[in-house]
Amino acid sequence: MTQTILEKRIEELENVRALRELVDNFSILADKKEVWKQTELFTKDATAGSASALLGILPFLLGSITSPLVGMAGEYSAIPLGVIIFATSLLAVFFNAVLIKNGKPVPAPQEINLD
């Protein structure tokens, strides 16, 4: 019984160490701006990381599109800002309704007990 507990504990510690190494490597490659190498950390064919890359660049893309639109009415009007917030909120609701299938919640990640 204690052998299986010990083996499970060792496996959990190995997983934590592997995760730390992954985060360290990912951060180093991000500092070097080598995105193509970041995707290779997650898959052998580097295709599954494409969704993560898209989610990473999406805020910058939307920010570069909306910033000029907000400033079009001048610096003293909050109406364009309200319109942009409303429009992006509608987009979020739309994509949530389209992308979530069958209303099933995403399972929560399992916690690793290090005690």
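Just so we're clear, the structure is a prediction, and the values are computed from it rather than from any experiment.

Participant: What's the story with the overall build of the chain in this structure? I'm lost.
Facilitator: When you go through the chain residue by residue, the secondary structure sums to 4 helices and 0 strands. Along its sequence from the N terminus, the chain presents helices and strands in the succession α-α-α-α. In the structure as shown, the chain presents an accessible area of about 10,200 Å², 66% of it carried by carbon and sulfur atoms.

Participant: Teacher, can you tell me more about the side chain of Thr66 here?
Facilitator: Checked against the element boundaries, Thr66 lands in helix H3 (residues 49-71). Within the structure, the side chain of Thr66 is placed 2.8 Å from the backbone oxygen of Leu62, a separation counted as a polar contact.

Participant: Can you help me understand a nonpolar patch on the surface in this one?
Facilitator: On the surface, Leu54, Leu55, Ile57, Leu58, Phe60, Leu61, Leu62, Ile65, Leu69 and Met72 cluster together to form a nonpolar patch covering roughly 1,000 Å² of accessible area. Position of Leu54 among the secondary structure elements: in helix H3. Since its relative accessible area comes to 53%, Leu54 is described here as exposed.

Participant: Is there a simple way to explain helix H1 (residues 2-32) in this structure?
Facilitator: Helical geometry: 3.6 residues make up each α-helical turn, so side chains three or four residues apart lie on a common side. Here H1 is 31 residues long and its end C-alpha atoms lie 45 Å apart, about the 45 Å a rise of 1.5 Å per residue gives. Among all positions in H1, only Glu12, Val16 and Leu29 are buried. Lys33 sits one or two positions beyond H1 and adopts a positive phi of about 60 degrees.

Participant: Explanation requested: the confidence of the model for the chain in the structure shown.
Facilitator: Reading fine detail from the predicted coordinates is not recommended where pLDDT is low. Within the chain, residue pLDDT values average 76, and 77% of them lie at 70 or more. When the elements of the chain are averaged for pLDDT, helix H2 (residues 35-40) gives the smallest value, 73, and helix H4 (residues 79-99) the largest, 84.

Participant: I'm lost on the environment of Val83 in this one. Help?
Facilitator: Within the secondary structure, Val83 is located in helix H4. When its relative accessible area of 48% is taken as the criterion, Val83 is described as partly exposed. Measuring from C-alpha to C-alpha, the distance between Val83 and Leu69 comes to 9.6 Å, with 14 residues separating the pair along the chain.

So, how was this worked out
Residues numbered from 1 in each chain as written. Predicted model: local features only at pLDDT ≥ 70, side-chain atom pairs only at ≥ 80, totals over all residues. Heavy atoms only, no water. Helix = DSSP H or I, 4+ residues; strand = E, 2+ residues; numbered from the N terminus. Areas by Shrake-Rupley, 256 points an atom, 1.4 Å probe, with all protein chains shown as cover. Polar contact = N/O pair within 3.5 Å; in protein donor to acceptor, adjacent residues only side chain to side chain. Patch = residues over 30% accessible without salt bridge, like charges linked within 9 Å, V, L, I, M, F, W, Y side chains within 5 Å. Salt bridge = Lys/Arg side-chain N within 4 Å of Asp/Glu carboxyl O. Buried < 20%, exposed > 50% of the residue type's maximum accessible area, 1.4 Å probe, protein only. Expected span 1.5 Å × (residues − 1). pLDDT = per-residue confidence, 0-100.

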